[in-house]
Amino acid sequence: MFTRKLGSFEQTLAMMDGFVPVLFVGVLRLTNGPSADQLRGAIGRLQTRHPLLRVSIVDREDGPMFQEWDDEIGVPLVVLARDGPDHWRGVAETELNRPLDTATPPLFRFTYLTGEPDSELVFTFHHTIIDSRAGVSLVDEMLALCAGIDASADAALPLNPLPAMEDLYPQRLSGWRRPMHVARYLVDQLIGEAKYRRGLKRRQIVHKSTSSKNRVVTTTLPAGATRAIVRAARKRRMPLNSLLNAALLISVARHRYRGMRVPMRGLSFADMRPYLQPPPAGRDMGVYISMLPYTVEMAPEKNAWQLASDISGQIYAATKGDDKFLAPLLGKRLIAMLISRRSMRLGMAALSYAGPIKLATRYGAIKVRGLSGFIANNVLGPEIATFGTIQDNRLTMDFLYLDADMNADEAQAIVDEVVGLLKSPKNTGGKGGV
């Protein structure tokens, strides 16, 4: 049995959870899915293998702690008869708005919508124990177990719990050096924040009440359109992540800010695993990400490529330097300020782009039709948040918005605008609509 104090970013998420639920909700679409018993057995084996699937969060004098339980926990799986192809959407939205009791393990739950031949598995995890990379790996492992696919003896061994993210930082950012780097980063952020607030004035809606609900929209581009977009980005040596961020911000600007000249803040999320020492494997559960804010001057005449270039430069600087390490260390201070003041929001749009995901299309007789991901938002967060992946050579984007900000029609208009910008020959360099 292990206990571990939550790291800085984990504490930030736990602090936010006291304000609104902080959840990662996934939707796995299957054909010829496993039986409920097969699924329950696979989840039980995952609990035995992964320590974070057996923990609760307990408050101590020196901060919140992960606490592993020795007692039988059980598998939180609800099985429902599937009521049509859109049944999952209502379940996912309910899950995004329904808290998990972090004082009692486990910090996850599943809802299985069974049908013939198609089914959906909706899974909800507290964000302190999982990021997108670990989530995909967990789904892969679970489907392999359901299909009875042989694995090496090594793969069945219980894993050791990993330390907090900052405990794996490079030596130059440890010990007495860390506060100096954090202080420098904090000053830079305060200067940037003051400039941003002056330019934005009061043009972003800030809600005093927390009474809002998460709503979702998903879209998938065909393989041909995806290839055209990827090819155009490579031709211009532009990260696809930056192009997607640009299309998202332009769409929000047109529909939420009437195309005015205004500074806009976006949020991009960096996978920190490759930068840590030693790098955690993708199979290891935990949250090893960094939220990187960027600010651009929006103008009606800017196209997606111009904006993507601005965004790319800022993200490149943050990821190549030490900002990616320092940002998670200031999260608690930022969230505490947002909650107490409720006079500002983290940004206008957020994108978590996972790139091509390592998930097979078949596991024995089980066929994977797609995987969606949503991170619960709240009134202090951006107006729209997106999770992007490439699956089976197709770009999938999962959008999340708050009903306090917009209705379904406005959200769909933003999504359609994003897709239109990505497909546009002016922005992708193609010879016509794809």
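Structure: see above.
On a predicted model such as this, the values are computed, not experimentally measured, just so you know.

## Considering the pattern of salt bridges
Pairing of side chains with opposite charge becomes possible as their charged atoms draw close.
Now for step 1: Inspection of the entire model under this criterion finds 26 salt bridges.
Now for step 2: With a closest N to O distance of 3.5 Å, Arg184 and Asp323 form a salt bridge. Of this pair, Arg184 sits in helix H6 (residues 177–200) while Asp323 is found in helix H10 (residues 323–326), placing the two residues 139 residues apart along the sequence.
Now for step 3: Its relative accessible area of 36% is what places Arg184 among the partly exposed residues.
Now for step 4: The class of Asp323 is partly exposed, set by a relative accessible area of 22%.
Now for step 5: One connected set of salt bridges, linked through shared partners, spans Arg256, Arg345, Glu383, Asp405 and Glu410.

## Focus on the packing of aromatic side chains
Now for step 1: Using the criterion set out here, one finds 7 aromatic pairs in the structure.
Now for step 2: Ring geometry for Phe110 versus Phe123: centroids 6.2 Å apart, planes at 40°, classification tilted. Taken together, the positions of Phe110 in strand S6 (residues 108–114) and Phe123 in strand S7 (residues 118–126) put the pair 13 residues apart, joining distant regions of the chain.
Now for step 3: Judged by relative accessible area, Phe110 falls into the buried class, the value being 4%.
Now for step 4: Judged by centre distance (6.0 Å) and plane angle (80°), the rings of Phe110 and Phe125 are edge-to-face. Here the residue Phe110 occupies a position in strand S6, and Phe125 occupies one in strand S7, the gap between them amounting to 15 residues.

## Examining the sheet that holds strand S15 (residues 394–402)
Now for step 1: Strands sit in the order S8-S15-S14-S11-S9-S10 across an open sheet of 6 strands; the sheet is mixed. The open sheet terminates on both sides in strands that have one partner only, identified here as strand S8 (214–220) and strand S10 (289–298). Going across the sheet, the axis of each strand differs from the next one's by a mean of 20°, ignoring polarity.
Now for step 2: As paired elements, S8 and S15 share 7 bridges and run antiparallel to each other. Note on S15: the bridge partner recorded for Thr219 is Met397.
Now for step 3: Of the strands in this sheet, strand S9 (262–271) and S10 are in contact with helix H9 (residues 304–320), which crosses S10 at around 145°.

## Looking at the packing of helix H2 (residues 36–49) against helix H4 (residues 132–147)
Now for step 1: Their axes nearest at 9 Å, the elements H2 and H4 cross at an angle of 130°. As far as their axial angle goes, H4 and H2 are oblique. The handedness of the crossing between H2 and H4 comes out as right-handed. In contact with Gln38, Leu39, Ala42, Ile43, Arg45, Leu46 and Arg49 of H2, H4 contributes Leu138, Glu141, Met142, Leu145 and Cys146.
Now for step 2: Its residues assigned to classes, the contact of H2 with H4 shows 8 nonpolar, 1 polar and 3 charged.

## Details of unusual backbone geometry
Now for step 1: Residues Glu116 and Pro117 are joined by a peptide bond in cis, for which omega reads -5°.
Now for step 2: Phi is positive for Asn393, which is not a glycine, with a value near 70°.

## Concerning the packing of helix H8 (residues 240–256) against helix H12 (residues 408–423)
Now for step 1: Running from N to C, H8 and H12 cross one another at 135°; their axes reach a closest spacing of 9 Å. By the angle between their directions, the pair H8 and H12 is classed as oblique. Of the two possible hands of crossing, H8 and H12 adopt the one that is right-handed. Here Leu243, Leu244, Ala247, Leu248, Ile250, Ser251, Val252, Arg254, His255 and Arg256 of H8 lie close against H12, whose contacting residues are Glu410, Ala413, Ile414, Glu417, Val418, Leu421 and Leu422.

Rules of the game
Residues numbered from 1 in each chain as written. Predicted model: local features only at pLDDT ≥ 70, side-chain atom pairs only at ≥ 80, totals over all residues. Heavy atoms only, no water. Salt bridge = Lys/Arg side-chain N within 4 Å of Asp/Glu carboxyl O. Helix = DSSP H or I, 4+ residues; strand = E, 2+ residues; numbered from the N terminus. Buried < 20%, exposed > 50% of the residue type's maximum accessible area, 1.4 Å probe, protein only. Phe/Tyr/Trp six-rings, centres within 6.5 Å; stacked < 30°, edge-to-face > 60°. Pairing = 2+ DSSP bridges. Axes fitted to C-alpha atoms, helices over the stretch in contact; angles between N-to-C directions. Contact = heavy atoms within 4.5 Å. Parallel < 35°, antiparallel > 145°, perpendicular 65-115°, else oblique. Left-handed = near helix turned anticlockwise from the far one by under 90°. Nonpolar A, V, L, I, M, F, W, Y, C, P; charged D, E, K, R; others polar.

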